Amino acid sequence: MSITFPTHSLLRSLSLSLSLSLFISFAPLRSGMKAPRTPQSVLAATIDVVRSMLSSSAGKATNHQIAVWAATMMVPRGKVATYGSIASFLKSAGIPSAPQAVGQALRSNPFAPRVPCHRVVAADGQLHGFQGHTTGAPMAKKAALLADEGVRITVQAGSHVSVVPACRVDDLAAELK
């Protein structure tokens, strides 16, 4: 399935959303106060960006999918998170979730690689799935995307591909502080 996005309108809406988010985020700084940066405020701002992407593409998604995609955008380049750590982060922000639900939301991600679902792996570090597949070319693409970002991966017996533990983010909220 191929989705084409109107690039100009997408960029315009992202620019507007980011400009508005930055204006609101830096308002306390203009008045001399320090802006609070909590995981919830970062998630809320990122959710706004995902909603802008959706409105520009005439796409539809559930609130849970949007929250998962936003949390995934917060995983730093060169790192990976687990399905469980994304679910835990969402729960800490008051959004009910489970690792399996995170996987299902990422499976329907229309914005890859801008919403970097390739940065989410199984609890044991294995790549697990990508674009709805657990084998073949999509998995090779996921491994290549991670390698391009500097994530170290290992190939074990039976061709199981795993991420080196040092590249994992187990607490996304702590990573944002």
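The model shown is predicted, which means the values in this text are computed figures rather than measured ones.

Some details on the confidence of the model for the protein
Overall, the prediction assigns the protein a mean pLDDT of 77, with 76% of residues at 70 or greater. Long-range and interchain partners of residues 1-31, a stretch whose pLDDT sits below 50, account for 27 contacts in this model, where long-range means more than four residues apart.

Description of unusual backbone geometry
For the peptide bond that leads from A112 to P113, omega is 0°, which places it in the cis range. One non-glycine residue, H128, adopts positive backbone phi at about 70°. As for its placement among the helices and strands, H128 is situated in the loop between strand 2 (120-121) and helix 7 (137-148). Positive phi is not limited to glycine here, since Q131 has a value of about 55°. Structurally, the position occupied by Q131 is in the loop between strand 2 and helix 7. Among the residues examined, Q131 registers a relative accessible area of 44% and is labelled partly exposed.

A closer look at helix 7
Residues spaced three or four apart along an α-helix face the same direction, because each turn holds 3.6 residues. Taking 1.5 Å per residue, 12 residues should reach 16 Å; helix 7 reaches 16 Å between its end C-alpha atoms and fits that length. For helix 7, every residue scored as buried is listed here: P138, M139, K142, A143 and L146. Here the buried residues of helix 7 occupy an arc of 140° about the axis, which is enough to place them on one side. Seen from the buried face of helix 7, the exposed residues on the opposite side, beyond 90 degrees, are A137 and D148. Residues of helix 7 that are buried in the fold lie against strand 1 (80-82), helix 5 (83-92), strand 2, strand 3 (153-156) and strand 4 (160-163).

As for the sheet that holds strand 2
Taken in spatial order, the 3 strands line up as 2-1-5 in an open sheet, and their pairing is parallel. Of all strands in the sheet, those with a lone pairing partner are strand 2 and strand 5 (168-169), marking the two edges. Relative to strand 5, strand 1 is paired through 2 bridges, and the arrangement is parallel. Across the sheet, A81 pairs through a bridge with V169, a residue of strand 5.

So, the pattern of salt bridges
The full count for this structure, using the stated rule, is 2 salt bridges. Salt-bridge contacts for R77 lead to E149; the nearest nitrogen and oxygen are separated by 3.7 Å. Here R77 is found in the loop between helix 4 (63-73) and strand 1, whereas its partner E149 is found in the loop between helix 7 and strand 3, with 72 residues between them in sequence. Overall, R77 belongs to the exposed group, its relative accessible area being 58%. Overall, the relative accessible area of 13% leaves E149 in the buried class. Here E149 and R119 are joined by a salt bridge, their closest N and O atoms 2.8 Å apart. Placement of E149 in the loop between helix 7 and strand 3 and of R119 in the loop between helix 6 (99-107) and strand 2 is noted, with a sequence separation of 30 residues between them. For the pair formed by E149 and R119, the shared burial category is buried. Because the salt bridges share partners, they merge into one network encompassing R77, R119 and E149.

The rules behind each value
Residues numbered from 1 in each chain as written. Predicted model: local features only at pLDDT ≥ 70, side-chain atom pairs only at ≥ 80, totals over all residues. Heavy atoms only, no water. pLDDT = per-residue confidence, 0-100. Contact = heavy atoms within 4.5 Å. Helix = DSSP H or I, 4+ residues; strand = E, 2+ residues; numbered from the N terminus. Buried < 20%, exposed > 50% of the residue type's maximum accessible area, 1.4 Å probe, protein only. Expected span 1.5 Å × (residues − 1). Arc of directions from axis to C-beta. Pairing = 2+ DSSP bridges. Salt bridge = Lys/Arg side-chain N within 4 Å of Asp/Glu carboxyl O.

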